[in-house]
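If you want the building blocks of each chain, they are given just below.
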Amino acid sequence: MFLVHLVGVRIPEGQLKFLTMNMLIAYYIVCVVYCFYQLNKKYRNRGVDYGTSPELDSIMVLVMAWVLAPIDVSITWIRMVKEAEEAKRRQEKQIL
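Right, let's walk through the structure included here. (Residues numbered from 1 in each chain as written. Predicted model: local features only at pLDDT ≥ 70, side-chain atom pairs only at ≥ 80, totals over all residues. Heavy atoms only, no water.)

## Here's the deal with the overall build of the chain
For the record, the criterion: Secondary structure elements follow DSSP: runs of H or I no shorter than four residues count as helices, runs of E no shorter than two count as strands, and numbering proceeds from the N terminus. Think of it in three bands: residues with accessible area under 20% of the maximum for their type are buried, residues over 50% are exposed, and the middle band is partly exposed, with areas taken using a 1.4 Å probe on protein chains only. We call two residues in contact whenever any of their non-hydrogen atoms come within 4.5 Å of each other.
A count of helical and extended segments in the chain gives two helices and two strands. Put simply, the chain runs from its N terminus to its C terminus through helices and strands in the order β-β-α-α. Scored against the burial criterion, the 96 residues of the chain give a buried share of 10%. Within the chain, contacts between residues separated by at least 24 positions form 50% of all contacts whose residues are at least 6 apart in sequence.

## What about the environment of Asp-72?
Looking at the secondary structure, you find Asp-72 in helix H2 (residues 54-95). The class for Asp-72 is partly exposed, based on a relative accessible area of 27%. C-alpha of Asp-72 to C-alpha of Gln-38: the two residues are 34 residues apart in sequence and 9.3 Å apart in space. With residues up to four places along the chain from it excluded, the contact list for Asp-72 reads Tyr-34 and Gln-38.

## Focus: the state of the cysteines
In plain terms, the rule: Two cysteine sulfur atoms make up a disulfide if the distance between them is within 2.5 Å.
Overall, the coordinates contain zero disulfides when judged by the stated rule. Free cysteine Cys-31: the closest other cysteine sulfur is in Cys-35, separated by 6.4 Å. Given the relative accessible area of 4%, Cys-31 is considered buried. Judged by relative accessible area, which is 9%, Cys-35 ranks as buried.

Any functional reading would require information beyond the geometric quantities listed.
Pasting the structure below:
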């Protein structure tokens, strides 16, 4: 029986496939929940206007959640860092 070494723990190959599949499913579920939360937040702030299609948005989330969530988190992180740097520069200008 083939065994895989992972951080000093031996995991049989069948269990490794099972664990990998469970991790991917958990990742997908977390991404879908995050994307639906962001979509709900957007609709609450902006409202549902003419031309907006919540049904198509939710289908898009189900299909592309595994890509959308990491991209959204990355863009949010970049924006937060940028705003923090700008605030630091403004504070340094006020001190001088």
